[in-house]
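# Descriptive analysis of the structure
These are the residues of each chain, in order.
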Amino acid sequence: MKKAYTCFCTDIIHEGHLNIINEAKKYGRVIVGALSDRALIRYNRFSTLPQEERIKLYRSIEGVDEVVIQEDMLYDDVITLIRPDYVIHGDNWKNGPEASIREHVEEKLKAYGGEIIDVPYTFNETVYKIDLQLKEKLSMPEYRRKRLRQLLNMTDIVKVMEAHSGLTGLIVEKTVVEREGKLDQFDAMWISSLCDSTAKGKPDIELVDITSRLRTIEDITEVTTKPIIFDGDTGGLTEHFVYTVRSLERLGVSAVIIEDKKGLKKNSLFGTEVEQTQATIEEMSAKIAAGKKAQLTDDFMIIARIESLILERGMEDALNRAFAFVKAGADGIMIHSRKKDPAEILEFCDKFRAVDKNTPIVVVPSSFNVITEEELSSHGVNIVIYANQLTRSAFPAMQKTAEDILRYHRAKEVDDRLMPIKEIITLIDEI
Ligand code: SPV
Ligand code: MG
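Computed from a predicted model, the values in this text were never measured in an experiment.

Here the magnesium ion (ligand 2) is held by Ser193 (OG) and Asp231 (OD), and the distances to it run 2.1 to 2.2 Å. Within this pair, whereas Ser193 is found in helix H9 (residues 193-199), its partner Asp231 is found in strand S10 (residues 228-231), the two being separated by 38 residues in sequence.

The subject of this paragraph is the sheet that holds strand S3 (residues 66-70). Ordered by their spatial adjacency, 5 strands build an open sheet running S3-S2-S1-S4-S5, and the pairing between neighbours is parallel. Whereas interior strands pair on both sides, the edge strands pair on one side only; in this sheet they are S3 and strand S5 (115-119). Averaged over all neighbouring strand pairs, the angle between strand axes comes to 30°, with direction disregarded. Pairing of strand S1 (residues 3-8) with strand S4 (residues 86-90) involves 2 bridges; the strand directions are parallel.

Another aspect to go through is the packing of helix H13 (residues 315-327) against helix H14 (residues 343-355). Where H13 contacts H14, the axes come no closer than 10 Å and their chain directions differ by 45°. Considering their axes alone, H13 and H14 lie oblique with respect to each other. In the crossing of H13 with H14, the sense of the turn from one axis to the other is right-handed. Here H13 contributes Met315, Ala318, Leu319, Ala322, Phe323 and Val326 to the contact with H14, which in turn contributes Glu344, Glu347, Phe348, Lys351, Phe352 and Val355. Across the contact of H13 with H14, the residue classes tally to 9 nonpolar, no polar and 3 charged.

Along its sequence, the protein chain is organised into domain 1 (3-131), domain 2 (140-387) and domain 3 (393-425). Here the C-alpha centroids of domain 2 and domain 3 sit 34 Å apart.

Side chains of Leu167, Ile171, Met419, Ile421, Ile424, Ile425, Leu427 and Ile428 sit close together on the surface and give an oily, nonpolar patch of about 760 Å² of accessible area. At the level of elements, helix H8 (166-174) and helix H17 (421-425) are the ones that each hand at least two residues to the nonpolar patch. Sort the elements by how many residues they give to the nonpolar patch and H17 lands first, with 3 residues. Positionally, Leu167 belongs in helix H8.

Take unusual backbone geometry next. In most cases, non-glycine residues show a negative phi, while peptide bonds are predominantly trans. For Arg83, which is not a glycine, the phi torsion comes out positive at approximately 45°. The topology assignment puts Arg83 in the loop between helix H4 (76-82) and S4. Even without being glycine, Glu206 reaches a positive phi, approximately 60°. Looking at where Glu206 falls in the secondary structure, it is placed in the loop between H9 and helix H10 (210-221).

To continue, consider helix H1 (residues 15-27). Over its 13 residues, H1 extends 19 Å from the first C-alpha to the last, a length consistent with the 18 Å expected when each residue adds 1.5 Å. Those residues of H1 lying buried are Gly16, His17, Ile20, Ile21, Glu23 and Ala24. All buried residues of H1 lie within an arc of 165° about the axis, which places them on one face of the element. Tucked into the core, H1 has its buried residues touching S1, strand S2 (29-35), S4, S5 and helix H6 (125-139). At the C-terminal side of H1, Gly28 shows a positive phi close to 155°.

Take the site of ligand 1 next. For ligand 1, the full set of nearby residues is Trp190, Ser192, Ser193, Leu194, Asp231, Asn267, Ser268, Leu269, Arg305, His336 and Ala387. With respect to ligand 1, the side chain of Asp231 contributes an N or O atom lying 2.8 Å from an oxygen atom. At 2.7 Å from an oxygen atom of ligand 1 is found a side-chain nitrogen or oxygen belonging to His336. Bound to the protein, ligand 1 loses 99% of the 280 Å² it would expose on its own. Across the shell around ligand 1, the residue classes break down as 4 nonpolar, 5 polar and 2 charged.

Moving on, we get to the environment of Leu138. Along the polypeptide, Leu138 turns up in helix H6. Through-space distance from the C-alpha of Leu138 to that of Thr225 is 5.5 Å; in sequence the pair is 87 residues apart. Ignoring sequence-local partners within four residues, the contact set of Leu138 consists of Arg45, Phe46, Thr48, Tyr143, Arg144, Arg147 and Thr225.

The rules behind the values
Residues numbered from 1 in each chain as written. Chains lettered and ligands numbered in written order. Predicted model: local features only at pLDDT ≥ 70, side-chain atom pairs only at ≥ 80, totals over all residues. Heavy atoms only, no water. Donors = N, O, S within 2.8 Å, 3.2 Å for Na, K, Ca; no water. Helix = DSSP H or I, 4+ residues; strand = E, 2+ residues; numbered from the N terminus. Pairing = 2+ DSSP bridges. Axes fitted to C-alpha atoms, helices over the stretch in contact; angles between N-to-C directions. Parallel < 35°, antiparallel > 145°, perpendicular 65-115°, else oblique. Left-handed = near helix turned anticlockwise from the far one by under 90°. Contact = heavy atoms within 4.5 Å. Nonpolar A, V, L, I, M, F, W, Y, C, P; charged D, E, K, R; others polar. Domains from an automatic or database assignment. Patch = residues over 30% accessible without salt bridge, like charges linked within 9 Å, V, L, I, M, F, W, Y side chains within 5 Å. Areas by Shrake-Rupley, 256 points an atom, 1.4 Å probe, with all protein chains shown as cover. Salt bridge = Lys/Arg side-chain N within 4 Å of Asp/Glu carboxyl O. Expected span 1.5 Å × (residues − 1). Buried < 20%, exposed > 50% of the residue type's maximum accessible area, 1.4 Å probe, protein only. Arc of directions from axis to C-beta. Near = heavy atom within 4 Å. Polar contact = N/O pair within 3.5 Å; in protein donor to acceptor, adjacent residues only side chain to side chain.

What follows is the structure, given as structure tokens:
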């Protein structure tokens with residue numbers, strides 16, 4: 001009997017999926033691939049059902065003969081294993097970033113005479129509503145909050161991009177690229193104090209108060225589903241930090257990162273050019289412990305950021321602090337540097353990992369930007385944050401446009417580099 005293969009990555013079965021199964025049945029024995037959690041987070045969107053639950057769900061569909069796990073978004077391994085005569089898929093994969101995956105499948109099947117069957121994509125009110133419900137579920141605080149811990153278990157490196165508004169949040173949420181036949185996207189958002197302050201025309205000195213920072217988070221949570229890591233600066237007074245922890249948990253934020261500085265905080269990228277005071281190990285440990293005690297959910301993470309390398313206090317000081325902060329209850333360590341050469345960051349990671357195999361390590365490669373995610377991961381880094389690149393790309397573009405309109409006394413000269421009016425007025429989806 002011929003074999004018909006289809007790959008699913010859904011949490012809810014609707015008539016579109018049933019239609020695919022019914023079509024597949026016409027061609028032979030129906031084998032459904034459940035795309036693995038690991039592949040799913042890069043390909044589509046995070047699942048609200050664990051892999052095992054999805055397998056059970058697909059098995060229960062009438063007409064499905066077998067369910068297998070598809071480990072990779074490319075079908076190579078699964079096609080080699082099953083040698084399906086037909087691969088059935090909704091015809092929506094003919095366009096957009098998924099088209100490269102279809103091409104890849106076509107190539108693979110051609111080698112032995114297999115065939116793709118494109119089934120017209122089912123699009124109606126019910127299917128649209130189910131899709132919306134899934135998305136809305138993911139945006140709810142209880143789902144969003146736990147996602148960072150889930151991601152840490154699912155992927156070698158969690159890729160985080162800065163967001164400081166609804167619009168930048170949407171960019172992090174929706175940007176998908178195709179590279180070497182695979183799709184890729186960001187896992188989470190970083191609410192940078194630098195970019196949140198800069199967007200308001202204010203310096204990054206804890207001047208933008210927590211009420212305003214929480215408002216920024218709300219603007220972002222209203223239009224996105226991805227998890228959030230909040231830049232908590234110094235955390236403020238311990239007596240205030242415990243309230244911040246509760247507020248962040250309530251909003252569905254997954255983690256706060258607080259740095260071991262006190263007094264007037266300035267941005268770390270100033271290094272020793274400005275006066276900055278490092279908190280003692282005891283002071284910072286007490287703040288971490290108080291935050292952990294105040295926290296109500298098991299999901300939320302308090303990550304301790306160490307400024308010893310920034311303030312040129314040495315590797316040993318950085319490591320001593322890291323071990324002490326983990327002992328005080330920190331769920332992760334962020335190590336920062338403003339050197340172009342990543343050597344000191346890698347040395348820290350190697351030495352920390354030699355002792356502590358599990359505590360997540362976070363890095364922010366703004367200065368040491370030559371290093372790739374893969375290299376960082378091979379030294380034990382778990383989370384990489386691109387902390388300010390969206391702001392730094394938008395600002396010069398806007399400034400140049402303003403200058404050129406002043407220069408030419410009209411806007412025609414800048415038009416070529418602008419988003420078309422049709423696109424800007426339809427950029428935001430309406431409900
Ligand atoms: C931020 O993005 O605000 C940070 C990272 O704290 S850095 O600017 O590199 O200090
Ligand atoms: Mg900051």
